[in-house]
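Examination of the molecular architecture
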Amino acid sequence: MTFLNASLLAGLAAVAIPVVLHLLARQQPRRVIFPATRFLTQHLESRRSRLKIKRWALLMLRIVALAALAMALAGPQISSAATGQWLAIAIVGMIGVALIGAAVAASAGGVPSALKYTLGVIGWLTTAIATLWAGSVLARGSVASIEDNSPVALAVVIDNSVRSARVIEFDGSVGTTTIARMREVVDSMITAQAPGSRLSIIDRSARPVAFSVDSATARRRLQRIEPAAQVRPLTERIDAALRLVRSSGLPRMMVVLVSDLTTASFPEASWADGDLADRLSDSPELRLRIVDVGAPPAGNRRVDAIQLSDPTPPPLTKTSISALVSIQDTASDSAPSAPRSITAELQWFDLVAPESKGLPVIRDGQTVLPPIRSVDRATVSVVPGKAASRLLLSLPPLEPGTHHGRVRLLGEDELAIDDSRYFTVEVRQSIPILIVASDLDAGTDLGKALNAPLAIDDPLGEYRIDLTESIPRSATEAGRYRGIVWVDPPTPTPASLAELNDYLQTGGRLLSFLGPNLSPAEYRDQPFVSGLVRQWRVAPPGTFFEILRPGHSSLVSLADHAGGVPWNAFPITQYWQVTPQSDDLVVMQYAVTEHPAVIERPIHSPSGASAPQRSDQTIDGSSDRASPGVHLLVTTPMPALSGAARGWNDLFAGADAWPAFLLVRGLVQSLIDRDSTTYNLRVGDSARLSTSQRAQLFPPSGPAIPLRATDSQLTVGGLDQAGTYWVRGESGVTGFSVNLDAAETDLTRIVQDDLERWLGADRFHLLARGEELGAAEGSGEATRPLYSLFLLLMIAAFALEQVVANRFYSSSRV
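What counts and how
- Throughout this description, residue numbers start from 1 for each chain and increase along the sequence as written.
- Selection of residues for local features in this predicted model requires a pLDDT of at least 70, selection of side-chain atom pairs for listing and counting requires 80 or more, and totals for whole chains, interfaces and linings are taken over all residues.
- For side-chain calculations, the full set of non-hydrogen atoms in the structure is used, while hydrogens and water are omitted.
- Any carboxyl oxygen of Asp or Glu that lies within 4 Å of a side-chain nitrogen of Lys or Arg is treated as forming a salt bridge with it.
- Helix and strand assignments follow DSSP, with helices taken as H or I runs no shorter than four residues and strands as E runs no shorter than two, numbered in order from the N terminus.
- Patch definition: residues above 30% relative accessible area lacking any salt bridge, with like charges linked at up to 9 Å and the nonpolar side chains Val, Leu, Ile, Met, Phe, Trp and Tyr linked at up to 5 Å.
- Here, Shrake-Rupley sampling with a 1.4 Å probe gives the accessible areas, and only protein chains in the shown set may cover a residue.
- Accessible area is worked out with a 1.4 Å probe on protein chains only. A residue is then buried under 20% of its type maximum, exposed over 50%, and partly exposed in between.
- The convention is simple: Lys and Arg are positive, Asp and Glu are negative, and His and the chain ends are not counted.
- Note on charges: their place is set at NZ of Lys, CZ of Arg, CG of Asp or CD of Glu.
- Interaxial angles span 0 to 180 degrees and are taken between N-to-C directions of axes, which are lines fitted to C-alpha atoms, for helices over the stretch in contact.
- Under this scheme an angle from 65 to 115 degrees is roughly perpendicular, one under 35 degrees roughly parallel, and one over 145 degrees roughly antiparallel; angles in between are oblique.
- Should the near helix be turned anticlockwise from the far one by less than a right angle, the crossing is termed left-handed; should it be turned clockwise, right-handed.
- In what follows, a contact means two residues having at least one pair of non-hydrogen atoms within 4.5 Å.
- Gly is put with the polar residues, along with every residue not named as nonpolar or charged; the nonpolar set is Ala, Val, Leu, Ile, Met, Phe, Trp, Tyr, Cys and Pro, and the charged set is Asp, Glu, Lys and Arg.
- Any two strands with at least two DSSP-identified bridges between them are counted as paired.

1. So, the pattern of salt bridges
Scanning the model with the defined rule gives 25 salt bridges in all. Notably, a salt bridge pairs Arg-682 with Asp-741, separated by 2.9 Å at the nearest N-O pair. With Arg-682 in strand β28 (residues 680-682) and Asp-741 in the loop between β34 (732-739) and α15 (752-759), the pair connects residues that are 59 residues apart, well separated along the chain. Taken together, the salt bridges that share partners define one network made up of Asp-239, Arg-243 and Arg-279.

Quick look at the structure:
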């Protein structure tokens with residue numbers, strides 16, 4: 001139990017007034033000897049006893065009337081959950097008081113002593129039981145809530161994730177976004193708070209939490225909150241809200257979370273660690289209120305992912321793009337749904353059009369971009385709630401430069417942001433690479449795989465390939481190439497090995513396919529091939545590749561294949577056993593072994609070494625600056641189709657050798673692009689660009705941002721929007737694309753059992769509507785005021801007091 005106005009309990013001191021008046025009104029009776037009336041003595045003694053009882057009853061009624069008035073004015077409140085217990089206590093107490101009253105009446109009525117004492121003992125015992133029971137309820141129960149207009153410290157955490165942009169149906173109205181519904185709920189909370197309350201509106205940004213100056217400031221803060229693609233964990237923001245309200249100094253505190261309760265906002269890893277549950281346990285006076293404003297998905301269509309066949313295609317060559325599309329619909333969980341057709345459109349920003357000259361640019365405060373053209377369209381059938389379906393699109397041949405586009409679903413649904421995926425391709429001039437092969441036929445086959453579908457010497461090919469049997473004679477000569485591919489290394493001279501080592505230590509890039517021509521004794525003192533043990537033979541049917549680092553840049557083209565890559569269809573019977581060094585990164589290994597198959601080995605530059613001079617430049621004209629050297633080792637030869645390497649593996653000899661084909665292209669791409677611009681990123685990543693010293697960044701929305709590069713390199717962080725970012729500098733226009741992770745637009749909802757498992761059933765209160773929040777203050781349960789009951793008790797006691805007083809004083813005058 002608690003009181004709205006506890007200070008008014010001082011009125012209980014007024015019960016002393018009737019006691020004092022009672023004591024003052026007592027008079028000693030005058031003794032009159034009247035022999036003629038001695039026969040009335042017994043009757044007078046009996047009447048005196050009855051008057052004494054009435055006097056004490058009158059005193060008790062006056063005390064009860066004043067005490068009830070003081071209690072009513074103090075505004076007592078009890079939890080609704082404890083109403084039944086308090087009612088039972090009241091009934092037992094009234095029975096005890098009634099029995100005591102009956103015992104007192106029996107004393108004046110001349111009933112047998114046994115009955116009188118029995119009634120008294122039972123009455124006092126019953127009253128004691130009621131008193132002890134009430135004390136136990138008060139001790140064990142939680143503090144009752146206070147539904148009044150006293151100030152409160154209120155912190156509201158708004159789950160303004162990107163999913164809050166979803167259009168939902170609420171109370172029969174269609175077209176309301178989740179974030180708009182959140183604003184309505186929170187605005188009603190602000191309106192309901194009493195003057196003097198301290199309010200804090202907290203979103204999922206990294207902004208420090210603080211109380212607003214007043215309710216108007218809180219409303220302005222609320223209206224500025226928009227759906228955000230990059231957000232902080234909810235547990236972190238709730239913890240900050242708990243700390244804030246505890247520092248308020250107000251006795252009433254409340255923390256409210258307004259969320260759509262989607263699984264992306266409640267990841268198991270951050271909610272199951274128990275930290276937030278411990279914070280709530282540390283503050284038993286606080287109970288987290290969660291207001292649910294979400295709804296199950298109702299047919300949301302999504303582009304889950306897109307994949308470019310080549311993010312750096314050669315000039316004037318078509319580029320294929322595959323997209324995974326799906327439909328989220330909870331109706332499919334209960335009954336099978338019929339397939340639905342989804343049409344996707346491939347759009348491309350036309351930088352060649354005459355009107356694109358000088359764009360992007362700011363005009364009249366708005367960003368003007370090049371026109372966007374539709375270049376392809378495809379339709380696929382998708383079953384709601386089932387696995388995503390794949391569709392294929394084709395980007396037309398493009399001129400050298402950086403090009404941007406998007407894959408967009410036609411039509412509208414409840415969440416628009418996941419209907420589009422953005423991409424950037426860099427069409428580059430042919431990149432010079434050197435293939436060194438002891439078997440020129442093997443080198444030629446490898447070169448054909450790299451430039452496919454064009455010929456190895458086609459000027460439009462992605463690579464400008466030089467083929468030789470020997471290592472370059474100097475680091476300067478090797479530095480003319482963006483990378484060197486070493487196929488089954490021949491026995492080198494000590495001088496050429498020293499030059500190759502210098503090339504690597506000054507930023508060179510080498511890809512080696514180890515084969516039968518390798519002689520460990522020749523490389524014993526060379527760190528870039530250290531760790532060689534011996535040739536390893538595997539009995540039939542052989543072993544096969546096993547991926548350890550699926551996120552490695554060389555495996556990007558192999559990461560999104562339904563059913564995985566069938567490496568077991570391409571057996572390997574011989575390879576070199578290599579012991580990994582401390583800095584090595586093992587990308588792939590041989591199945592059922594711990595022997596590395598693909599190793600990435602960084603080459604550290606010695607102190608004072610300088611980078612080799614290179615003749616190639618990036619697209620925008622800036623020179624390719626030096627970077628740490630790297631050596632990629634593949635411990636079995638490729639393509640192993642001829643010469644002494646034939647028979648070591650069937651990677652290129654199978655009927656459909658696409659995995660080996662994509663692996664070789666991915667390895668070379670990873671090698672030469674190691675320090676190049678990253679064009680396709682995720683929200684939260686940082687972009688690294690080669691650009692002129694001064695440039696402007698045009699984000700998907702908002703004003704342009706001036707940038708300044710250092711050493712022709714530019715790093716852009718804080719990418720918190722999905723879309724195309726344009727970078728315009730003195731040397732031309734470039735840029736990159738940013739996409740959301742597919743999990744961020746998953747509309748699957750959590751269940752209350754998850755919250756109970758993470759927080760404990762008694763540490764939160766789940767509300768379906770914001771209007772229920774007022775009844776959830778304090779312990780989170782509804783309360784029942786006792787003002788009217790105490791007022792009724794006061795009136796009854798006062799009425800009885802009048803009746804008893806009239807009879808008492810009229811009798812006393814007789």
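2. What to know about a nonpolar patch on the surface
Together, Leu-87, Ile-91 and Ile-95 line one region of the surface with nonpolar side chains, adding up to about 280 Å² of accessible area. For Ile-91, the position within the fold is in helix α3 (residues 83-109). Using a relative accessible area of 45% as the deciding quantity, one classes Ile-91 as partly exposed.

3. Concerning a negative patch on the surface
Judged by side-chain charge, Asp-273, Asp-275, Asp-278 and Asp-282 come together as a negatively charged surface patch. In this structure, Asp-278 sits in helix α9 (residues 275-282). Look at Asp-278 and you get partly exposed, because its relative accessible area is 44%.

4. Focus on the packing of helix α7 (residues 234-246) against α9
With their axes 10 Å apart at the nearest point, α7 and α9 run at an angle of 15 degrees to one another. Comparing the axis directions of α7 and α9 gives the class roughly parallel. The hand of the α7/α9 crossing is left-handed. The residues of α9 that touch α7, namely those facing Thr-235, Ile-238, Asp-239, Leu-242, Arg-243 and Arg-246, are Leu-276, Arg-279 and Leu-280. A breakdown of the residues in the contact of α7 with α9 according to their chemical character gives four nonpolar, one polar and four charged.

5. Comments concerning the sheet that holds strand β33 (residues 723-729)
Strand order across the open sheet formed by five strands is β28-β34-β33-β30-β31, with mixed pairing between neighbours. The two strands at the open ends of the sheet, each matched to only one other strand, are β28 and β31 (705-708). The mean angle between the axes of side-by-side strands here comes to 30 degrees, regardless of whether they run parallel or antiparallel. Bridge count between strand β30 (residues 694-698) and β31: four bridges; the pairing is antiparallel. Of the residues in β31, the one forming a bridge with Arg-694 is Arg-708.

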